[in-house]
Structures are given as C-alpha cells and as structure tokens.
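Now for the letters of each chain:
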Amino acid sequence: MDALKDVNLDGVKNIILVLSGKGGVGKSTVTTQLALTAQKNGLKVGVLDIDLCGPSIPRMCGVQGHEVHQHDAGWLPVYTDNTKTLGVMSIGFLLTNQDDPVVWRGPKKTAMIRQFLSDVTWGELDLLVIDTPPGTSDEHIAVMEALKGVKVDGAVLVTTPQAVAVGDVRRELTFCKKTGLHVLGIIENMSGYVCPNCSECTNIFSSGGGKSLADHAQVPFLGSVPIEPALAQAAETGQDFAGVFTSSEAAKRFSTIFNGLLENRQITSNGDMDTS
Ligand code: ADP
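This report concerns the structure included in the present document. (Residues numbered from 1 in each chain as written. Predicted model: local features only at pLDDT ≥ 70, side-chain atom pairs only at ≥ 80, totals over all residues. Heavy atoms only, no water.)

Regarding the overall build of the protein chain
Phase 1: When helices and strands are counted, the protein chain shows nine helices and eleven strands.
Phase 2: Its C-alpha atoms give the protein chain a radius of gyration of 18 Å, near enough to 19 Å, the size a compact globule of 276 residues would have.
Phase 3: Structurally, the protein chain occupies a C-alpha span of about 55 × 40 × 40 Å along its principal axes.
Phase 4: Within the protein chain, the proportion of its 276 residues that are buried is 53%. (Helix = DSSP H or I, 4+ residues; strand = E, 2+ residues; numbered from the N terminus. Rg over C-alpha atoms; globule rule 2.2 N^0.38 Å. Buried < 20%, exposed > 50% of the residue type's maximum accessible area, 1.4 Å probe, protein only.)

Looking at unusual backbone geometry
Across residues other than glycine, the phi torsion is negative in most instances, and most of the peptide bonds are trans.
Phase 1: A positive phi angle, near 55°, is found at M190, a position not held by glycine.
Phase 2: Backbone geometry at Q218 places phi at a positive 55°, although glycine is not the residue there.
Phase 3: Note on placement: Q218 falls in the loop between α6 (209-217) and β11 (221-227).

A look at the site of the ligand
Phase 1: Close to the ligand lie 16 residues, the nearest being G24, K27, S28, T29 and E228.
Phase 2: A distance of 2.9 Å separates an oxygen atom of the ligand from a polar atom in the backbone of K27.
Phase 3: Separating an oxygen atom of the ligand from a side-chain N or O atom of T29 is a distance of 2.6 Å.
Phase 4: Alone, the ligand offers 560 Å² of accessible surface; in the complex the protein occludes 81% of this.
Phase 5: In this structure the site holding the ligand corresponds to the largest pocket.
Phase 6: Elements with a minimum of two residues in the shell around the ligand: α1 (27-40), β9 (183-194), β11 and α7 (229-237).
Phase 7: In the shell around the ligand, the residues fall into eight nonpolar, six polar and two charged. (Near = heavy atom within 4 Å. Polar contact = N/O pair within 3.5 Å; in protein donor to acceptor, adjacent residues only side chain to side chain. Areas by Shrake-Rupley, 256 points an atom, 1.4 Å probe, with all protein chains shown as cover. 1 Å grid on protein atoms, 1.4 Å probe; cavity = no way out; pocket = protein on both sides within 12 Å on 5 of 7 lines; lining within 4 Å. Sits in = over half its atoms within 2 Å of the grid points. Nonpolar A, V, L, I, M, F, W, Y, C, P; charged D, E, K, R; others polar.)

Details of the environment of H182
Phase 1: Assignment of secondary structure puts H182 in the loop between α5 (163-179) and β9.
Phase 2: On the accessibility criterion, H182 (31% relative accessible area) is partly exposed.
Phase 3: As a C-alpha pair, H182 and D153 span 29 residues in sequence and 6.8 Å in three-dimensional space.

Remarks on α7
Phase 1: Of the residues making up α7, those classed as buried are A230, L231, A234 and A235. When α7 is viewed along its axis, its buried side chains cluster within an angular range of 145° and face the same direction. Away from the buried face of α7 by more than 90 degrees, exposed residues Q233, E236 and T237 are located.
Phase 2: The secondary structure elements touched by the buried residues of α7 are α1, α2 (57-60), α8 (241-244) and α9 (249-263).
Phase 3: Just downstream of α7 lies G238, where phi reads positive at about 75°. (Arc of directions from axis to C-beta. Contact = heavy atoms within 4.5 Å.)

Some remarks on the packing of α1 against α9
Phase 1: With their axes 10 Å apart at the nearest point, α1 and α9 run at an angle of 70° to one another. Considered as vectors, α1 and α9 are oriented roughly perpendicular to each other. Contact residues: α1 offers V30, Q33, L34, T37 and A38, while α9 offers F254, S255, I257 and F258.
Phase 2: When grouped by side-chain class, the residues that make up the contact of α1 with α9 number six nonpolar, three polar and no charged. (Axes fitted to C-alpha atoms, helices over the stretch in contact; angles between N-to-C directions. Parallel < 35°, antiparallel > 145°, perpendicular 65-115°, else oblique.)

Some remarks on the layout of surface pockets
Phase 1: Approximately 280 Å³ is the volume attributed to the largest pocket.
Phase 2: V25, G26, T29, N189 and M190 are, among the 19 residues lining the largest pocket, the residues nearest its centre.
Phase 3: Mapped by element, the contributors of at least two residues to the lining of the largest pocket are α1, β9, β11 and α7.
Phase 4: Ranked by residue count, the leading element in the lining of the largest pocket is α7, at four residues.
Phase 5: The residue makeup of the lining of the largest pocket, split by class, is ten nonpolar, six polar and three charged.
Phase 6: In terms of lining residues, the second largest pocket is bounded by 13 residues, among which V194, P196, E228, S248 and E249 are the most central.
Phase 7: Breaking the lining of the second largest pocket down by element, the ones donating at least two residues are β9, β11 and α9.
Phase 8: Looking at the lining of the second largest pocket, its residues break down into seven nonpolar, three polar and three charged. (Points joined across faces, edges and corners; volume = space filled by probe spheres on them.)

Next comes the structure, spelled out in structure tokens:
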C-alpha cells in the first residue's frame, strides 16, 4: 500500500510507538508517564491512543469526557492544561457512551487510524507517543502502513517480568523486525514491590525477565518500574503521578528511563532523535 499522501505529521519531530505482547502489563501507563516526563523536561508532546478497543489514555491523562473540537484544518487534540504542551487524541473522545464497546472489523479500524494520522492538527510537536493495542493486530499493521514514508523513530516494548509476558514480547520483536520498526528498548513494568516503610523490594512476579530478553535480543534495556499503588490510583483519577509523587521509586524510574533515552541520544533535548 502506498504511503498516505495526507498524513498530517509535518510538524512532529519524533515519533515513538509503545507496544506490548499482551494487555494489562502497563503499556498505557508507560505511554502516559513517558509523555508526562517528556513534558516536564520541556518538550511539547502528543499522545495518540490507537488502542481502539480499550482506550484508557483519556482517563490516565485526566481528560476523560472532554470533547474533540473541529476547525477548518481538522481535529484539535485535547490539551491537558492551558500550556497546551501535552495534547491527546483517542477514540475515547468520540464515543458517546464510554461503556460502549468498539465492535469494528479491520477495515473500519484501519480507516479510523488513517483519519487520526491525517486529520489531527498536532502543530509543532517535539514528540508524539502512539499507544497501540496489545499484541500485533489490524491496528499495528494499519499504523505501520499509514506511516510508510514518515520517519518513525522506533518502538518501546513493555513487559512484566514473568516468562509468559516476556514470551509475548518476543512476538513483538519479530513484528518490529518484519516491519522494519527500530526497537528503542524494553521496559520491565511491575518489577517488584518496594515497601514504603522499609524500602525492601519484594519481587512478586519475579524479576529480570525484561533485561534477559533485551540482552538475548540485543536491544537496549531501558529500565524497570516497580509496582506502585499510587500509580494505579493516579491512572484511575487522571492525577499527574510524576508531578505529585516526585519522590516515589516509580516516578524516579520513569525519569531515569526518559533520561536514558536522552543520554543514548535516542531523543535529544532539542527534540531531534537519533536512532543510529
Ligand atoms: P495495558 O495498557 O498494558 O493494558 P495499563 O497501563 O492499562 O495496561 O495497566 C493495567 C493496570 O495496571 C492499570 O490499572 C494500571 O493503573 C496498573 N499499573 C500499571 N503499571 C503499574 C505499576 N507499575 N504499579 C501499579 N499499578 C500499575
């Protein structure tokens, strides 16, 4: 399929896809926290939620129930605050009833994703983070086809430490290889629970699977994030977790992961990304 002529991403400097082998491993949480961390580092950020069947980004970003406004050039993203430095677009904004399931066949999903990539007027962005559904489905193929001819910087893969989740990520790695999508690295989420009283870490789901897989696949290991009840709570209420719980271990890890992307020169602070 030819590249879309009208993909509207000219002002977007860097594009990252966030992938996971299965649902519930924290892919949307990682998307949201990376976007917020980038925003705190002075970048102008967009989040595009193409998890059409489970759009959780509006809730996590604290903009659930907001309306998408149209103007002559297309759809305006929903901004999280007046600074307009974090914009969000999701199918979640277009559903009249949030509890309605999106029961669509492949072609309709593909059309929606193409419309997201052509009709949303992001303007100038340092970074666009695309939250994809779990696995490798119609949505992934659609987004990769629509983005042909557009420079995508790469994918961040999210896993939990256990062998099953790590095994699912192997399929994501194969998908990246087949579609020529550069792997920026692997993040291990829910990697142990740090006791808030004694700071001892208990590895509830074991640990180290993400790092071993990254070593085995020879891709960067970006870091691990522990289980943090306040993070789950923030995701429910749309609270700015990293801004409020600055001293929590999980917030520090997200910051380290983001700085790692900067230091590895995968994202540079002026918004240019180098994947060489
Ligand atoms: P996915 O996008 O992979 O389906 P989510 O990001 O929606 O997963 O996360 C699934 C659930 O786990 C959510 O309720 C989220 O708040 C919670 N969660 C994710 N990561 C963590 C974490 N590190 N600590 C605590 N809860 C987490």
